[in-house]
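Remarks on the overall topology
This is what each chain is made of:
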Amino acid sequence: MAQNRSDDLGREKVGTLLFRLALPAITAQLINMLYNIVDRIYIALVLTAVFLLFGRQLLMMFGASEQTVPYALSYMNIYVSGTLFVQLSLGLNAFITGQGFAKTGMATVAIGAVINILLDPLFIFVFRMGVAGAAWATVISQAVSCVWVVAFLAGKKTQLHLWRKNLRLRGKVLFPVLALGVSPFIMQSTESLLSIVLNTSLLKYGGDPAVGAMTIMTSVMQILNLPLMGLAQGAQPIIGYNFGAGATARVKKAFRLLFLCSLSYAGAFWALMIFCPQLLVGLFSGDKQLVEFTHWACQIYFAVAFMLGIQMSCQQTFVAVGQAKSSLFLALLRKIILLIPLIYI
C-alpha cells in the first residue's frame with residue numbers, strides 16, 4: 001500500500017494529486033477553525049503549568065481588560081489542561097497525512113470538531129456552565145481526537161508505527177527536523193507576539209471596542225489562512241517526493257499549480273472583504289456599533305490580503321524542498337521585520 005502511494009506521488013497527474021491531497025487538508029483546517037469560532041459565537045506540557053501560574057498576566061498582555069479578563073481566565077484555566085491532547089493530536093496527525101491518508105487526517109479534526117459543536121450548547125446552556133462549559137467541551141473533543149490519532153498509528157494500516165523503542169531522542173533525527181520546523185514554528189509563534197503588540201496598543205488607544213474588532217478580523221483572517229495552509233499541506237508531499245526523486249518538471253508543475261490556486265483563492269477572499277465584509281463580520285457579533293466599526297477596519301486590514309497567497313505558496317514550497325533558511329526569512333519578514341515596527345510607528 002505504501003509503495004502504491006509513493007508511485008502515485010511520482011506518476012499521477014499533478015493536478016489530480018494536489019486536489020486529492022489538499023481537499024481533505026483544507027477541510028480539516030476549516031473544521032479545526034470551528035473550535036475557536038464556535039466558542040466565540042457561544043460565549044460572545046510545562047506549558048500547562050506556565051499558563052496556570054501566570055494566566056492573568058498573560059491575558060492582560062494579550063489585550064484583556066479588567067472587564068473581560070475574568071471570562072478569559074475562566075476559559076483558559078480549563079483549556080490548558082488539554083494542552084497535551086492538542087500537541088499529540090496535531091503533531092502526530094502530520095504522520096498520518098504524510099503517508100497519504102488524507103481522509104483519515106481530516107477525520108482526526110472532524111471528529112473533535114463535531115464533538116465540540118455538540119457539547120458547546122449542552123454545557124453552556126443546558127448545564128449552565130457558561131464560559132467554563134465551552135472550555136470543557138473543547139478539552140473533551142481534543143482528547144477524543146488524540147485517542148483517534150494514537151489508535152491509528154498503533155494499528156495495522158499505517159506504515160509509520162508508534163514503537164516504544166523509537167521514542168528516545170536521537171540528535172541525527174531531531175536536529176534536521178528542528179531546522180525545517182523553525183519556519184512553521186515562527187509563523188505560529190509570531191502570531192502570539194503580533195497579538196500582544198496589536199491588542200495592547202489597541203486597548204490603550206481604542207479600548208475594548210478596538211480589541212473586539214481586531215478579534216473579529218483575526219478570526220476572519222483564519223478563514224483566509226487555513227485553506228491556504230491546507231493547499232500547501234496537500235502540495236508538500238508531491239513537491240518533496242519528486243524533489244527527492246529528481247523529477248524537476250513535476251516539482252515546477254506542482255509549485256505553479258499551488259501558486260495559482262493560492263493566489264486565486266486569496267484574490268477572491270480579498271474581493272469579498274473589500275466589497276462585502278458584513279457577510280463574515282456579522283457572524284461574530286450582534287453589536288451594531290462594533291460591526292460597523294469592524295466593517296470600516298476590514299477594508300484597511302484586508303487591503304492587500306491577496307498577497308498572502310503568494311507568500312504562503314512560496315514559503316511552504318521552500319520547506320518542502322529543504323530550503324529552511326529561505327523559508328525562515330519569509331516567515332520573519334512580514335511580521336517581525338515589517339509589521340510589528342510599523343504598528344508602533
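Above this text you will find the structure in question.
Residues numbered from 1 in each chain as written. Predicted model: local features only at pLDDT ≥ 70, side-chain atom pairs only at ≥ 80, totals over all residues. Heavy atoms only, no water.

On to the overall build of the chain. Each helix and strand in the chain was counted, giving 13 helices and zero strands. In the chain, the order of α-helices and β-strands from amino to carboxyl end is α-α-α-α-α-α-α-α-α-α-α-α-α. Out of the 345 residues in the chain, the part that is buried amounts to 41%. (Helix = DSSP H or I, 4+ residues; strand = E, 2+ residues; numbered from the N terminus. Buried < 20%, exposed > 50% of the residue type's maximum accessible area, 1.4 Å probe, protein only.)

The first and last C-alpha atoms of helix 5 (residues 83-97) sit 22 Å apart over 15 residues, in line with the 21 Å expected at 1.5 Å per residue. Within the span of helix 5, buried status applies to Thr 83, Val 86, Ser 89, Leu 92, Asn 93 and Ile 96. (Expected span 1.5 Å × (residues − 1).)

Our next topic: the nonpolar core. Core analysis: the largest hydrophobic core is formed by 28 residues, its most contacted members being Val 220, Leu 224, Phe 269, Met 273 and Phe 302. Sorting elements by how many residues they give to this core places helix 8 (residues 171-244) first, with 13 residues. Leaving out residues up to four positions away in the same chain, Met 273 has contacts with Val 220, Leu 280, Cys 298, Gln 299 and Phe 302. Among the nonpolar cores identified, the runner-up in size contains 18 residues, and Ala 102, Ala 254, Leu 258 and Val 321 belong to it. (Core = buried A, V, L, I, M, F, W, Y, C linked by side-chain atoms within 4.5 Å. Contact = heavy atoms within 4.5 Å.)

Now for the packing of helix 8 against helix 9 (residues 248-275). Packing of helix 8 against helix 9 brings their axes to within 9 Å, and their N-to-C directions diverge by 175°. By the criterion of interaxial angle, the relationship of helix 8 to helix 9 is roughly antiparallel. Between helix 8 and helix 9, the contacting residues are Val 220, Ile 223, Leu 224, Pro 227, Leu 228, Leu 231, Ala 232, Ala 235, Ile 238, Ile 239, Asn 242 and Phe 243 on the first element and Arg 250, Val 251, Ala 254, Phe 255, Leu 258, Cys 261, Ser 262, Tyr 265, Ala 266, Phe 269 and Met 273 on the second. Here the residues of the contact of helix 8 with helix 9 are counted per class, giving 20 nonpolar, two polar and one charged. (Axes fitted to C-alpha atoms, helices over the stretch in contact; angles between N-to-C directions. Parallel < 35°, antiparallel > 145°, perpendicular 65-115°, else oblique. Nonpolar A, V, L, I, M, F, W, Y, C, P; charged D, E, K, R; others polar.)

Relative to the helices and strands, Ser 285 is located in the loop between helix 10 (278-281) and helix 11 (288-301). The spacing of Ser 285 and Gly 212 is 73 residues in sequence and 9.2 Å in space, taken between C-alpha atoms. Contacts of Ser 285, omitting those with residues within four sequence positions, involve Ile 216, Leu 290 and Val 291. Within polar-contact distance, the side chain of Ser 285 engages the backbone nitrogen of Asp 287 at 3.1 Å. (Polar contact = N/O pair within 3.5 Å; in protein donor to acceptor, adjacent residues only side chain to side chain.)

As a further point, take the side chain of Thr 108. Mapped onto the elements of the fold, Thr 108 is located in helix 6 (residues 102-126). By relative accessible area, Thr 108 is classed as buried at 3%. The residues contacting Thr 108, other than those within four sequence positions of it, are Asn 93, Ile 96, Ser 145, Trp 148 and Val 149.

Right, let's talk about the environment of Ser 141 for a bit. Turning to its location among the elements, Ser 141 is positioned in helix 7 (residues 130-153). What makes Ser 141 buried here is its relative accessible area of 0%. C-alpha of Ser 141 to C-alpha of Ile 117: the two residues are 24 residues apart in sequence and 9.0 Å apart in space.

Bringing the side chain of Thr 294 into the picture now. Mapped onto the elements of the fold, Thr 294 is located in helix 11. Setting aside its immediate chain neighbours within four residues, Thr 294 contacts Ala 213, Ile 216, Met 217 and Val 281.

On inspection of all chains with the given rule, the structure shows ten aromatic pairs. Where Tyr 265 meets Phe 269, the ring centres are 6.2 Å apart and the plane angle is 45°; that geometry is what we call tilted. Linking Tyr 265 with Phe 269, this pair stays in helix 9, spanning four residues, or about one helical turn. According to the relative accessible area criterion, Tyr 265 is partly exposed, its value standing at 25%. When its relative accessible area of 5% is taken as the criterion, Phe 269 is described as buried. Ring centres 6.4 Å apart and planes at 80° place the aromatic pair Trp 270 and Phe 275 in the edge-to-face group. A connected cluster of aromatic rings, assembled from ring pairs, spans Tyr 265, Phe 269, Tyr 301 and Phe 302. (Phe/Tyr/Trp six-rings, centres within 6.5 Å; stacked < 30°, edge-to-face > 60°.)

What follows is about the pattern of salt bridges. A side chain with one charge may pair with a side chain of the opposite charge, provided their charged atoms come close. For the structure shown, the criterion picks out one salt bridge. Two residues, Arg 20 and Glu 12, come together in a salt bridge whose shortest N-O distance is 3.0 Å. Taking relative accessible area as the criterion, Glu 12 reaches 23% and is therefore assigned partly exposed. (Salt bridge = Lys/Arg side-chain N within 4 Å of Asp/Glu carboxyl O.)

So, on to a nonpolar patch on the surface. Together, Leu 122, Phe 125, Val 126, Phe 127, Met 129, Trp 136, Ile 140 and Val 144 make up a nonpolar patch on the protein surface, roughly 690 Å² of accessible area in all. Sorting the residues of the nonpolar patch by element identifies helix 6 and helix 7 as the ones contributing at least two each. Looking at the element boundaries, Leu 122 is found in helix 6. When its relative accessible area of 32% is taken as the criterion, Leu 122 is described as partly exposed. (Patch = residues over 30% accessible without salt bridge, like charges linked within 9 Å, V, L, I, M, F, W, Y side chains within 5 Å. Areas by Shrake-Rupley, 256 points an atom, 1.4 Å probe, with all protein chains shown as cover.)

A word on helix 12 (residues 307-320). The terminal C-alpha atoms of helix 12, which comprises 14 residues, lie 20 Å apart, in line with the 20 Å expected from a rise of 1.5 Å per residue. Most of helix 12 is tucked away: ten of the 14 residues are buried. Of all the positions in helix 12, only Leu 308, Gly 309, Gln 311, Met 312, Ser 313, Gln 315, Gln 316, Thr 317, Val 319 and Ala 320 are classed as buried. Buried positions along helix 12 lie against helix 8, helix 9 and helix 13 (324-344).

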